[in-house]
Amino acid sequence: MSTFATRLIRWQPRHGRHDLPWQATRDPYRIWLSEVMLQQTRVATVIPYYRRFLARFPDLASLARASLDEVLMLWSGLGYYSRARNLHAAAAMLVEAHGGRFPREREAIETLPGIGRSTAAAIAVFAFGAREAILDGNVKRVLARHFAVRGVPAEKRTENRLWKIAEALLPSRNIQSYTQALMDLGADLCARSRPACGKCPLKKSCRANASGNADAYPRSRPRKALPARTTSMLLLLREGEVLLEKRPPAGIWGGLWCFPEIPSGEDARDYCFRRWGARVAGVAQLPPLRHGFTHFTLNIIPVVCRASPASSFVSEPGQVSLPLEDAAEAAVPAPVKRLLAGL
Ligand code: ADE
């Protein structure tokens, strides 16, 4: 039987993906951007963000010159904003320390903020044809099934074992088709639930398929219930404008524009007057919203306060009052965007 790699390389031209916007280039900047956007995010979601980002920042130099606020604006809604902050920081480092040239070696790429070994390897493969192994969540699943690896991939011991397997499988030629095939197989046929084993080019050698229990791999770490936090968000409106404040750089939504939080136990109307001198004519609570972070769930209680046009309205440093249409275009996280759209 032909090798694992050979079967994937043969499968790729007919069954893999070929028309993704980052496949038509060898520009390491574009490939880097795509790989960072594709961390934790599906292809279909990434494509419009990728196009908009490149239209505004076509190269490394333009990104390095940009303000973080503008970068976050283009990332708004994509989530995991540390990716955008790291991208921006890495662009500045590349321009200052590397003369604006993207490093070619996986080890050097890996030293940039926001780039782990697998992302660095994917960039080195697609931009420079390097013979490097990738191991993202999807690839871990493919390998755990094919080789019936029983451990939990999130645990170091099992992860190291999977890296060894991934390295040993690398073909000596066609590394790009091979890597793309592995990604495509993991994203599509070898899905987490109900994998399409009948269509898989690896089905004859796959040990999970042979035992008929692909679903049992990979084992997941026993999940603890995520803690939940509740917060009241203040949608303070006055004459078609809404008040936003910039979150501190560290912590959730760092650097993004959000609604101010109402401290617990505070009456919204009193708070608006005390903090901004706003006289609130009407208060309404909107249905609560849940937002999932990796480590906790945030329950958001939106409280709309309409300030009378005549009331004074002093915003503090780090706060802006924006027309609703402009606010929806600003660097805001998804739940804020959704609430703005509903106003
Ligand atoms: N997921 C991560 N990198 C990818 C890529 N280059 N193409 C498709 N899906 C991916």
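Above this note sits the structure.
Participant: Before we go on, may I ask you to explain the overall build of the protein chain in this structure?
Facilitator: The secondary structure content of the protein chain amounts to 15 helices and 8 strands. Seen through its C-alpha atoms, the protein chain measures out along the principal axes to roughly 80 × 50 × 35 Å. Restricting the contact set of the protein chain to residue pairs at least 6 apart, pairs at least 24 apart contribute 66%. With 49 positive and 29 negative side-chain charges, the protein chain shows a spacing of 11 Å between the two charge centroids.

Participant: Got a minute to help me understand helix H8 (residues 117-128) in this structure?
Facilitator: It helps to recall that an α-helix has 3.6 residues per turn; residues three or four apart then point in one direction. Between its first and last C-alpha, H8 extends 16 Å over 12 residues, near the 16 Å set by a 1.5 Å rise per residue. Most of H8 is tucked away: 11 of the 12 residues are buried. Within H8 the residues assigned to the buried category are Ser118, Thr119, Ala120, Ala121, Ala122, Ile123, Ala124, Val125, Phe126, Ala127 and Phe128. A positive backbone phi angle near 70° is found at glycine 129, which sits one or two residues after H8.

Participant: Looking at this structure, I do not really get the state of the cysteines. What am I missing?
Facilitator: Here a disulfide denotes a covalent bond joining the sulfur atom of one cysteine to the sulfur atom of another. Applying the stated criterion across every chain yields a total of 0 disulfides. Between cysteine 200, a cysteine without a disulfide, and cysteine 190, which holds the nearest cysteine sulfur, the sulfur-to-sulfur distance is 6.4 Å. Between cysteine 272, a free cysteine, and cysteine 305, which holds the nearest cysteine sulfur, the sulfur-to-sulfur gap is 4.1 Å.

Participant: Teacher, can you tell me more about the site of the ligand here?
Facilitator: The environment of the ligand is made up of Arg17, Leu20, Trp22, Glu35, Leu38, Val43, Phe126, Gln180 and Met183. Here a nitrogen atom of the ligand sits 2.7 Å away from a polar atom, N or O, in the side chain of glutamate 35. Measuring from a nitrogen atom of the ligand, one finds a side-chain N or O atom of glutamine 180 at 3.2 Å. For the ligand, whose accessible area on its own is 260 Å², the fraction buried by protein is 91%.

Participant: Before we go on, may I ask you to explain the pattern of salt bridges in this structure?
Facilitator: Side-chain pairing between opposite charges can occur once the charged atoms of the two side chains come close. This model, assessed by the stated rule, comprises 14 salt bridges. For lysine 156, the salt bridge is made with glutamate 159, and the minimal N-O distance between the two is 3.2 Å. One end of the pair, lysine 156, and the other, glutamate 159, are both in helix H10 (residues 156-168), 3 residues apart, so they sit about a helical turn from each other. On the basis of relative accessible area, lysine 156 is assigned to the exposed category, the value being 57%. Residues participating in the shared-partner salt-bridge network are Arg106, Glu110 and Glu132.

Rules of the game
- Residues numbered from 1 in each chain as written.
- Predicted model: local features only at pLDDT ≥ 70, side-chain atom pairs only at ≥ 80, totals over all residues.
- Heavy atoms only, no water.
- Helix = DSSP H or I, 4+ residues; strand = E, 2+ residues; numbered from the N terminus.
- Contact = heavy atoms within 4.5 Å.
- Lys, Arg positive; Asp, Glu negative; His and termini not counted.
- Charge placed at Lys NZ, Arg CZ, Asp CG, Glu CD.
- Expected span 1.5 Å × (residues − 1).
- Buried < 20%, exposed > 50% of the residue type's maximum accessible area, 1.4 Å probe, protein only.
- Disulfide = S-S within 2.5 Å.
- Near = heavy atom within 4 Å.
- Polar contact = N/O pair within 3.5 Å; in protein donor to acceptor, adjacent residues only side chain to side chain.
- Areas by Shrake-Rupley, 256 points an atom, 1.4 Å probe, with all protein chains shown as cover.
- Salt bridge = Lys/Arg side-chain N within 4 Å of Asp/Glu carboxyl O.

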